[in-house]
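Remarks on the overall topology
The lines below spell out each chain.
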Amino acid sequence: QQQVKQSPQSLIVQKGGISIINCAYENTAFDYFPWYQQFPGKGPALLIAIRPDVSEKKEGRFTISFNKSAKQFSLHIMDSQPGDSATYFCAASSSGGSNYKLTFGKGTLLTVNP
Amino acid sequence: DTAVSQTPKYLVTQMGNDKSIKCEQNLGHDTMYWYKQDSKKFLKIMFSYNNKELIINETVPNRFSPKSPDKAHLNLHINSLELGDSAVYFCASSFDRGSYEQYFGPGTRLTVT
């Protein structure tokens, strides 16, 4: 059972364009939604995160949009750069219970062409 | 300074062997994790320890045994390795069990032949 569904699986964008990655979740107990960025040969690193009490969070060129009623959230990368080429993972976690486990989406391989 | 380090970075071994992967974090975090990333890049949690206590144990074959000698170290021992164990294994840590931000190590690529 995949609790966090991520799309698309891969994405090719031209430099300067907007990259959009979408995620949907099923568990309404999820209350923390981070995005991780992974470069080839490296471990994932936290990029940006949002809680469901806000609909949008922006950090530089990266924005998370959150739609609680639709149980969807997305990552927007404005002015995409070749250095943004990486695999992006959405994730979700619940503070209910004592162990905060991250459930990851399957990842999106982003390629930004120069 | 490396925050979360793993050794070895690459591990090639034959089926049936036993191997260990070591992880150390110098962040002063209480909670550590092991993840498996398969060939399709899917990341799945395997285990988590909080201050040397096992707190998350996903559905993982009992050939996999984590050990935490202290809160800065979390090792993964794998017995009777199988072809399907080939993957990249990531260690991660977080401030405590209630902290959502996890810091990942560089990964160990395990290849079983």
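Below or above, wherever it landed, is the structure these notes cover.

The rules behind each value
Residues numbered from 1 in each chain as written. Chains lettered and ligands numbered in written order. Predicted model: local features only at pLDDT ≥ 70, side-chain atom pairs only at ≥ 80, totals over all residues. Heavy atoms only, no water. 1 Å grid on protein atoms, 1.4 Å probe; cavity = no way out; pocket = protein on both sides within 12 Å on 5 of 7 lines; lining within 4 Å. Points joined across faces, edges and corners; volume = space filled by probe spheres on them. Helix = DSSP H or I, 4+ residues; strand = E, 2+ residues; numbered from the N terminus. Nonpolar A, V, L, I, M, F, W, Y, C, P; charged D, E, K, R; others polar. Buried < 20%, exposed > 50% of the residue type's maximum accessible area, 1.4 Å probe, protein only.

With that settled, consider the layout of surface pockets. Residues and elements named next belong to chain B. Estimated volume of the largest pocket: approximately 330 Å³. Lining the largest pocket we find 21 residues, and of these Gln37, Lys41, Val88, Phe90 and Arg109 sit closest to its centre. Residue assignment for the lining of the largest pocket shows that the elements contributing at least two residues are strand S9 (87–94) and strand S11 (108–112). In terms of residue class, the lining of the largest pocket is made up of eight nonpolar, eight polar and five charged.

Once that is clear, we can look at unusual backbone geometry. Backbone torsion omega between A:Ser7 and A:Pro8 reads -5 degrees, so that peptide bond is classified as cis. With respect to the element layout, A:Pro8 can be found in the loop between strand S1 (4–7) and strand S2 (10–14). With phi around 45 degrees, A:Asp79 is a residue other than glycine that occupies positive phi space. Assessed through its relative accessible area of 40%, A:Asp79 is described here as partly exposed. Here B:Ser80, not a glycine, exhibits a phi torsion of approximately 45 degrees, which is positive. Inspection of the secondary structure assignment puts B:Ser80 in the loop between strand S8 (73–78) and S9.

Remember, this is a structural readout, not a statement about activity or role.
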